[in-house]
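# Observations on the model geometry
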Amino acid sequence: MDLRELYQDLIVDHNKRPRNFGKLDDTTYFAEGFNPLCGDQITVYLYVDDEQVTKVQFEGEGCAISTASASMMTEILTGKTIAEADALFGLFHRVLIGEKELDDETTDQLGKLAVLTGVRAYPSRVKCATLAWHTCQGALHKKQDAISTE
Amino acid sequence: MTSAVVSSVAVNAGEVTAWRADFPILQTQVHGKPLVYLDNGATTQKPQVVIDTVSRYYQSTNSNIHRGVHHLSEVATVDYENARATIRRFIGAASDKEVILTSGTTESINLVANSWGLDNLKTGDEVLVTEMEHHSNIVPWQMVTQRTGAALKVIPINDAGEISLEDVRELLTERTKFVAISHLSNALGTINPVKEVIELAHRAGALVLVDGAQAIAHTPVEVAELDCDFYAFSGHKIFGPTGIGVLYGKQALLEAMPPWQGGGDMIRIVRFDGSQWNDLPYKFEAGTPNIAGAIGLGAALDYVTAIGIDKIAAHETVLLDYAQQQLATIPGLTPIGTAKHKASIASFVVKHVHAHDLGTILDSEGIAIRAGHHCAMPVMEHFGVAATARASFAFYNTLEEVDQLILGLNKAVEMFG
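Residues numbered from 1 in each chain as written. Chains lettered and ligands numbered in written order. Predicted model: local features only at pLDDT ≥ 70, side-chain atom pairs only at ≥ 80, totals over all residues.

## Considering the overall build of chain B
Selection criterion: Segments assigned H or I by DSSP are reported as helices when at least four residues long, segments assigned E as strands when at least two residues long, and all are numbered from the N terminus. As defined in this context, the radius of gyration uses C-alpha atoms, and a globule is described by 2.2 Å times the residue total to the power 0.38. Here a residue counts as buried when 20 or more other C-beta atoms sit within 10 Å of its C-beta, as exposed when there are 12 or fewer, and as partly exposed otherwise, the C-beta atoms being derived from the backbone. Working definition of a contact: two residues with C-beta atoms, positioned from the backbone, lying within 7 Å.
Each helix and strand counted, chain B has 14 helices and 17 strands in total. For 417 residues, the compact-globule formula gives about 22 Å, and the C-alpha radius of gyration of chain B, at 22 Å, lands near that figure. The principal-axis extent of the C-alpha atoms belonging to chain B is close to 70 × 55 × 35 Å. Residues counted as buried form 53% of the 417 residues belonging to chain B. Across chain B, every contact between residues at least 6 apart in sequence was considered, and the portion connecting residues at least 24 apart equals 72%.

If you want it as structure tokens, here you go:
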């Protein structure tokens, strides 16, 4: 087992220097997410203009996988429509839980996110990679209850 | 930092090697590396004698107990009751009637909360727990106090992870009816001054339950000497099977308590106009119990007794002291839980490296530790952390394994630092 396949340089970098980190005051949607397994908590803030995500920020504390995933998410979702964000999360999630094979086309579609697919070999860590995304979905679709990976 | 159990019982490396040979899983590899099992706080490994005892029951004496006239049932019943007697001797209880077999510590505590609690608590009463309790010694008391209108009060911990007897004295009033306290904290390793707390509680007229889940495999437990009213522990944390546990209770209290669960074995006569309960301990053992688990636990306790809990404690003191010394050399590491009296548990956080990442990196080296909140979220909150990494030791661990842990941690720091 090569740890470097899990902790690729891009992940280590995003963990060390998370992008778009901090509270967004001018926000259209926000939600808090929680991973009961480890107690990690994250808040995702979104500014959406005419169905288009124009700004995403997050705050909270988590492991390298969840921090890097959140940080990369803020970059990737900026400029996407809500429908595009939903589709990307759907694909990312299906790949991580093993429902979708990681072929060349899927890798292309995932773009940078492909570096996070190493977690497939670590079932207990899949939720770390999806926490920010679940939370973002909750914010965009205004789920009332606290977002949980469970 | 020194640990509580100071013993003159010296342990040599040869003995540890011999103990390790009793545990088949310790000879295995994980990710191509020899297993270094430092998650004994979560569950302990099983010696061959326990595995064989459980397997022998299923192979040659499997039968239901207390209800058959046939040979196998008689053998199984004798084995089950012999296990109860072994448990009674191990914890120093006065009678087999005081040893209730449950599915584990959690069920033992829920039994007391529901049977004693619902029957005795009322508005205006108070139940005391400590801030360092495992969720299983918090939530049942929250549930029962909510139902009865009683209040749940918390004995605070300091930044070393200790309670103070002064706080206990202050919190104990005529309203206090019950105190639930862990003997050894699973998240911090703190050994609580339970004997003193029990004495103070009794003076205030309150009963005391000691959660011994974590203590039972690491420190001598004598319930009569402690004078606790209830003592709960699980088989799987003392080298026995999962799904079996013990509730010790003083006989007079258990006699006065109503049954919690109804069913077979806990009754003497069942009539539609009213049933009669069975005698102790069966009144609290509804349904077919975990027979294999009980017999396996008996074997585990015999195994521990043969080695000697004093010897175990002495070796673990050496291990923990060495581990704490070595952990202090890791850059950015902060220990969580620095009580004067500690056993078997080293909890910590490392700057810039989340506990889960530590867990994964150590796992790749074949080292099993626990990363998370340890079912003690209030403890995490006290220390302002979401999670800690926890190495927890058993008597079969070695100083070399501590060295492996330290190497793995340094690797993690290098990766993320």
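## Topic: the overall build of chain A
Along the backbone of chain A there are six helices and four strands. For 150 residues, the compact-globule estimate of 2.2 N^0.38 gives 15 Å, and the C-alpha radius of gyration of chain A, at 14 Å, lies within 12% of that figure. With the C-alpha coordinates of chain A rotated into their principal frame, the extents come out at 45 × 35 × 30 Å. Within chain A, the fraction of its 150 residues that count as buried is 39%. Taking all contacts inside chain A whose residues are at least 6 apart in sequence as the whole, residues at least 24 apart take part in 61%.

## Quick notes on the sheet that holds strand β14 (residues 345-350) of chain B
Residue and element names in this part refer to chain B. Applicable threshold: Two strands pair under a simple rule: DSSP has to find at least two bridges between them. For every element, the axis is a line fit to its C-alpha atoms; helices are fit only across the contacting stretch, and the angle between N-to-C directions ranges from 0 to 180 degrees.
If you trace the four strands from one edge of the open sheet to the other, you get β13-β14-β17-β16, paired in antiparallel fashion. Across the chains shown, the open sheet's two edge strands, defined by having one partner strand only, are β13 (333-336) and β16 (370-372). Recorded for the sheet is a direction-independent mean angle of 30° between the axes of neighbouring strands. Of the pairings in the sheet, the one linking β16 to strand β17 (residues 388-392) comprises three bridges and is antiparallel in character. What sits directly across from G372, in β17, is T388. With respect to the sheet, helix α12 (residues 355-363) is in contact with β14, β16 and β17, its orientation differing from that of β16 by roughly 155°.

## Quick word on the confidence of the model for chain B
All names here are of chain B. To be explicit about the condition: pLDDT is a residue-level measure of predictor confidence that goes from 0 to 100.
Looking at chain B, pLDDT values average 96 and 98% of them are 70 or higher. Contacts from residues 1-7, a stretch scored under 50 in pLDDT, to residues over four places away or in other chains number 21 contacts. At the level of chain-chain contacts, confidence expressed as ipTM amounts to 0.88, with global pTM at 0.93.

## Overview of the domain arrangement of chain B
A common way to state how big an interface is: give the accessible area lost once the parts meet. All names here are of chain B. How we decide: Note: domain ranges come from an automatic or database domain assignment. Side-chain classes follow a simple rule in which Ala, Val, Leu, Ile, Met, Phe, Trp, Tyr, Cys and Pro form the nonpolar group, Asp, Glu, Lys and Arg form the charged group, and the remainder, Gly included, forms the polar group.
Partitioning chain B into domains gives domain 1 (13-42 + 308-416) and domain 2 (51-305). Relative to domain 2, the C-alpha centre of domain 1 lies at a distance of 28 Å. The interface of domain 1 with domain 2 comprises 24 residues on the first partner and 22 residues on the second. Listed by contribution, the elements that provide at least two residues to the side of domain 1 that touches domain 2 are α11 (309-327), β14 and α13 (377-383). Counting residues per element, the side of domain 1 that touches domain 2 draws most heavily on α11, at five residues. In the side of domain 1 that touches domain 2, the residues fall into 13 nonpolar, eight polar and three charged.

## Regarding the interface of chain A and chain B
Taken together, the contact between chain A and chain B spans 18 residues of the former and 15 residues of the latter. Elements represented by at least two residues in the side of chain A that touches chain B include exactly α1 (3-6), α2 (9-16) and β2 (40-49) of chain A. Class assignment of the residues belonging to the side of chain A that touches chain B gives a composition of eleven nonpolar, four polar and three charged.

## Structural notes on unusual backbone geometry
Residue and element names in this part refer to chain B. That bond from L280 to P281 is cis: its omega, -5°, falls within 30 degrees of zero. Mapped onto the elements, P281 comes out in the loop between β12 (276-277) and α10 (291-307). With a phi angle near 65°, D227 is a residue other than glycine that sits in the positive phi range. On the secondary structure map, D227 appears in the loop between α8 (223-226) and β9 (230-234).

## Topic: the pairing of β9(B)
Residue and element names in this part refer to chain B. When you tally the buried positions in β9, you get five out of five residues, the bulk of the element. Residue alternation in β9 divides its side chains into two sets, F230, A232 and S234 and Y231 and F233, and both sets are buried. Where β9 and strand β10 (residues 245-249) come together, five bridges link them in antiparallel fashion. Note on β10: the bridge partner recorded for S234 is G245.

## Considerations on the environment of E61(A)
Tracing the chain through its elements places E61(A) in strand β3 (residues 52-61). Residue classification places E61(A) among the partly exposed positions, given that 14 C-beta atoms sit within 10 Å.

## Here we look at the sheet that holds strand β8 (residues 207-211) of chain B
Residues and elements named next belong to chain B. Pairing is mixed in the open sheet, where seven strands are placed in the order β4-β10-β9-β8-β7-β5-β6. Edge positions in the open sheet fall to β4 (99-102) and β6 (151-155), since each of these has one partner strand only. Mean inter-strand twist for the sheet, computed between neighbouring axes without regard to direction, equals 20°. As judged from the five bridges shared by strand β5 (residues 126-130) and β6, these two strands associate in the parallel manner. Across the sheet, the residue bridging to V129 is V154, located in β6. Strands β4, β9 and β10 of the sheet are contacted by helix α3 (residues 71-91), whose axis makes an angle of about 120° with β4. Running at roughly 35° to β10, helix α4 (residues 105-120) makes contact with β4, β7 (176-182), β8, β9 and β10 of the sheet.

## Structural notes on helix α4 (residues 82-96) of chain A
Residues and elements named next belong to chain A. Keep this limit in mind: Under the convention used throughout, the expected extent of a helix is 1.5 Å for every residue step, that is, one less than its residue count. Throughout, the arc means that of the directions going from the helix axis to the C-beta atoms.
Here α4 contains 15 residues, and its C-alpha end-to-end distance of 21 Å stays within 8% of the 21 Å for a straight helix at 1.5 Å per residue. Inspection of α4 places A85, F89, F92, V95 and L96 among the buried residues, and these make up the whole buried set. Down the axis of α4, the smallest arc covering the buried residues is 130°, so these residues share one side. Close packing links the buried residues of α4 with β3, α3 (64-77), α5 (104-110) and α6 (126-140). One or two residues past the end of α4 sits G98, with phi positive at roughly 85°.

## A look at the packing of α3(B) against α10(B)
All names here are of chain B. Counted only if it meets this: Our angle categories are set so that under 35 degrees counts as roughly parallel, over 145 as roughly antiparallel, 65 to 115 as roughly perpendicular, and the remainder as oblique. In a left-handed crossing the near helix is turned counterclockwise from the far helix by less than a right angle, and in a right-handed crossing that turn is clockwise.
Taken N-terminus to C-terminus, the directions of α3 and α10 make an angle of 40°; their axes are 8 Å apart at the nearest point. Here α3 lies oblique to α10, going by the angle between them. The handedness of the crossing between α3 and α10 comes out as left-handed. Contact with α3, carried on its side by A76, D79, Y80, N82, A83, T86, I87 and F90, involves I291, A294, I295, L297, G298, L301, D302 and T305 of α10 and no other residues of that element. Partitioning the contact of α3 with α10 into residue classes produces ten nonpolar, four polar and two charged.

## What about the packing of α4(A) against α6(A)?
Residue and element names in this part refer to chain A. Here α4 crosses α6 at 155°, and the two axes come no closer than 11 Å. One finds that α4 runs roughly antiparallel with respect to α6. The two elements α4 and α6 cross, and the hand of that crossing is left-handed. Here I82, A85, F89, F92, H93 and L96 of α4 come into contact with α6, specifically with V126, A129, T130, W133, Q137 and L140. Among the residues forming the contact of α4 with α6, the class breakdown is nine nonpolar, three polar and no charged.

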